[in-house]
Structures are given as structure tokens and as C-alpha cells.
Amino acid sequence: MSQTCDVVVLLSGTGSNLQALIDSARTGDSPVRIAAVISNRADAYGLQRARDAGIDTRTLDHKAFEGREAFDAALIELIDAFNPKLVVLAGFMRILSADFVRHYQGRLLNIHPSLLPKYKGLHTHQRALEAGDTEHGCSVHFVTEELDGGPLVVQAVIPVELHDSPQSLAQRVHAQEHLIYPMSVRWFAEGRLSLGEQGALLDGKLLAASGHLIRT
Ligand code: GRF
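Residues numbered from 1 in each chain as written. Predicted model: local features only at pLDDT ≥ 70, side-chain atom pairs only at ≥ 80, totals over all residues. Heavy atoms only, no water.

1. What about the overall build of the protein?
Here is step 1: What the protein contains, in helices and strands, is 6 helices and 11 strands.
Here is step 2: Relative to the globule expectation of 17 Å for 216 residues, the C-alpha radius of gyration of the protein, 17 Å, shows essentially globular dimensions.
Here is step 3: Seen through its C-alpha atoms, the protein measures out along the principal axes to roughly 50 × 40 × 35 Å.
Here is step 4: For the protein, the proportion of its 216 residues judged to be buried stands at 49%.
Here is step 5: Sequence separation of at least 24 residues holds for 65% of the intrachain contacts in the protein that already meet a minimum separation of 6.
Here is step 6: Per element, the accessible surface of the protein, about 10,500 Å² overall, is 51% carbon and sulfur. (Helix = DSSP H or I, 4+ residues; strand = E, 2+ residues; numbered from the N terminus. Rg over C-alpha atoms; globule rule 2.2 N^0.38 Å. Buried < 20%, exposed > 50% of the residue type's maximum accessible area, 1.4 Å probe, protein only. Contact = heavy atoms within 4.5 Å. Areas by Shrake-Rupley, 256 points an atom, 1.4 Å probe, with all protein chains shown as cover.)

2. Remarks on the packing of helix H1 (residues 16–25) against helix H6 (residues 166–189)
Here is step 1: Across the interface, H1 lies against H6 with an axial gap of 9 Å and an inter-helix angle of 50°. Taken together, the axis directions place H1 and H6 in an arrangement best described as oblique. As for the relative orientation of H1 and H6, their crossing is right-handed in sense. Residues Ser16, Asn17, Ala20, Leu21 and Ser24 of H1 form the contact with H6, whose own contacting residues are His174, Glu177, His178, Tyr181, Pro182 and Val185.
Here is step 2: Looking at the contact of H1 with H6 residue by residue, the classes come out as 5 nonpolar, 5 polar and 1 charged. (Axes fitted to C-alpha atoms, helices over the stretch in contact; angles between N-to-C directions. Parallel < 35°, antiparallel > 145°, perpendicular 65-115°, else oblique. Left-handed = near helix turned anticlockwise from the far one by under 90°. Nonpolar A, V, L, I, M, F, W, Y, C, P; charged D, E, K, R; others polar.)

3. A few points about the site of the ligand
Here is step 1: If you check the shell around the ligand, you find Thr14, Gly15, Ser16, Asn17, Gly91, Ile111, His112, Pro113, His174 and Glu177 and nothing else.
Here is step 2: The separation between an oxygen atom of the ligand and a polar main-chain atom of Pro113 is 3.5 Å.
Here is step 3: At a separation of 3.3 Å, an oxygen atom of the ligand approaches a polar side-chain atom of His174.
Here is step 4: Taking 370 Å² as the accessible area of the ligand by itself, protein coverage stands at 84%.
Here is step 5: Of all elements in the fold, only H1, strand E5 (108–112) and H6 reach the threshold of two or more residues within the shell around the ligand.
Here is step 6: Along the lines of polarity and charge, the residues of the shell around the ligand split into 2 nonpolar, 7 polar and 1 charged.
Here is step 7: Looking at the shell around the ligand, you find at least three residues from each of domain 1 (1–104) and domain 2 (112–216). (Near = heavy atom within 4 Å. Polar contact = N/O pair within 3.5 Å; in protein donor to acceptor, adjacent residues only side chain to side chain. Domains from an automatic or database assignment.)

4. A few points about the domain arrangement of the protein
Here is step 1: Each assigned domain of the protein is listed here: domain 1 (1–104) and domain 2 (112–216).
Here is step 2: Between domain 1 and domain 2, the C-alpha centre-to-centre distance is 20 Å.
Here is step 3: Taken together, the contacts link 24 residues of domain 1 with 15 residues of domain 2.
Here is step 4: Between domain 1 and domain 2, a total of about 1,600 Å² is buried, with carbon and sulfur atoms accounting for 69% of that surface.
Here is step 5: Our count for the domain 1 to domain 2 interface comes out at 2 salt bridges. (Buried area = accessible area lost by both parts, 1.4 Å probe. Salt bridge = Lys/Arg side-chain N within 4 Å of Asp/Glu carboxyl O.)

5. What to know about the nonpolar core
Here is step 1: With 40 residues, the main nonpolar core has Val9, Ile34, Val37, Val153 and Val185 as its most contacted residues.
Here is step 2: In terms of residue count, H6 provides more of this core than any other element does, 8 residues in total.
Here is step 3: Counting the residues that make up this core, at least three belong to each of domain 1 (1–104) and domain 2 (112–216).
Here is step 4: Ignoring any residue separated from it by four or fewer positions in sequence, one finds Val37 in contact with Val9, Leu11, Leu18, Leu47, Ala50, Ile55, Asp56, Thr57 and Arg58.
Here is step 5: The next biggest cluster of nonpolar side chains, apart from the first, holds 21 residues, and it includes Ile38, Phe71, Val101 and Val143. (Core = buried A, V, L, I, M, F, W, Y, C linked by side-chain atoms within 4.5 Å.)

6. As for the packing of H1 against helix H2 (residues 45–52)
Geometry of a packed helix pair, given as the angle between the helix axes and the separation of the axes.
Here is step 1: Relative orientation of the contacting elements H1 and H2 amounts to 20°, with a least axis distance of 9 Å. The orientation of H1 relative to H2 falls into the category roughly parallel. Judged by the twist between their axes, the crossing of H1 over H2 is right-handed. Between H1 and H2, the residues in contact are Ser16, Leu18, Gln19 and Ile22 and Gly46, Arg49 and Ala50, respectively.
Here is step 2: Split into classes, the residues belonging to the contact of H1 with H2 amount to 3 nonpolar, 3 polar and 1 charged.

7. Quick look at the pattern of salt bridges
Here is step 1: With the rule as written, the count across this model stands at 13 salt bridges.
Here is step 2: Of the charged contacts in the structure, one is a salt bridge between Lys63 and Asp61, with a shortest N-O distance of 3.5 Å.
Here is step 3: Taking relative accessible area as the criterion, Asp61 reaches 32% and is therefore assigned partly exposed.
Here is step 4: Here Arg102 ties to Asp99 by a salt bridge, and the two come within 3.0 Å at their closest N and O atoms. Here Asp99 and Arg102 lie together in helix H4 (residues 98–103), a separation of 3 residues that amounts to about one turn.

Structure representation (C-alpha cells):
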């Protein structure tokens, strides 16, 4: 079995993706160990999920800092105290500075509720419906300096149904997030996933621009 891979998760909200990661890391043969969960919001429910699972938690309130750079520098210090191999953004509602992103180059993953490069930013389900898209989904990607950009690792594609609302779509997309995020983190932990000069590599092979595609 591969060595343990310590992971730090950053979040600001409910943390259903964190829960999926916790559940997946609990399976006997997983090399993933969630070393800490850090939030910029003390009331994030994700922190409670972490405490319930016996995981270390920290809160770093961005409002206590003057500017993005100062906050990000303190965040780096906090994260690095846990010496993680991988940092996972799971609904962390902060734009990260270039310095932060560069510091974790090749070991920073994010999940986004759209089929990137479509619908970067917020309200992705609403926007997919308004555009009349027949397909929607979610994406895991390595983080680069471009907001919601960066080489794609996995995309899960779901059909948009005739009577979908933003809520029903969000629910089905979330279910896919809970599958593809633990899978991607595990690939990284097993040493199968890395960031190369041309994009994301899985088992040493360059992934397609859309990442590994999963259709339901
Ligand atoms: C997810 O939709 C994810 O794609 C986005 O933030 C949301 C986090 O949800 N980045 P949760 O807190 O994991 O439930």
C-alpha cells in the first residue's frame, strides 16, 4: 500500500464535499489522511463535520486582516504547520492571491459546479438553465492563477431534464461532486495524479483538456 498522504481541506460552508472526503478516507485501504480542516468562517458547518470525525480544525477570519496578501500569508503559515502533501478547496469562498497559488503549485485542487470552462464564478446552475444547456455537471481541477481555471482532472456530466430548477440541478450535480472529488484526491494520494507542464497527468499520461470524463 502507498504511503499516507496528508491533506488539508479549506472550506467556508456546509462541507458536504468534506464529508464525502472523510467517508472515502475512512475506507480501509485509503492512503488519504485529512490532517486538518481550515475555515475563514467560524460558523461553517464543515468545521462541525470535521470535529465529529476527530479532525483538527482551525478558523482564520479574513476580516481580521488588512488585505488579501496578509490573509493569504497567514493562511499559508497555518496550512504548512500541518505539512500537507495536498491542499483541497471544498467550497472555500475566497479568491486566492497569486503568491498563495504559486506556493501550492501542483498540490492544490478545487471543485467547481459546472463543466469548466463554462460558467466560472457563481450561480452556475441557474446560468446553465438560462442558456438552455442539455448537459451540465462539475469539474475537479488543479488551481492556477486564473479564477476557476487550471488543468482539468475529472468532469462528471449529467443530462439537464425538462423540468429542472437550479435546486434540482444543484442536487444532482452535488451527488456527482461527492464521487469525483474523493476519486481525484485518492488518485493524487496514490501518486497517480500530478500536474505536468502541459496539463494534468494520470498514470504518467496527459489527460484530455476536459480531464477524465464521466457520463451518467
Ligand atoms: C460545491 O458546489 C463546490 O462545487 C463549490 O462549492 C460548493 C461546496 O459545497 N466549490 P459543500 O460545502 O461541499 O456542500
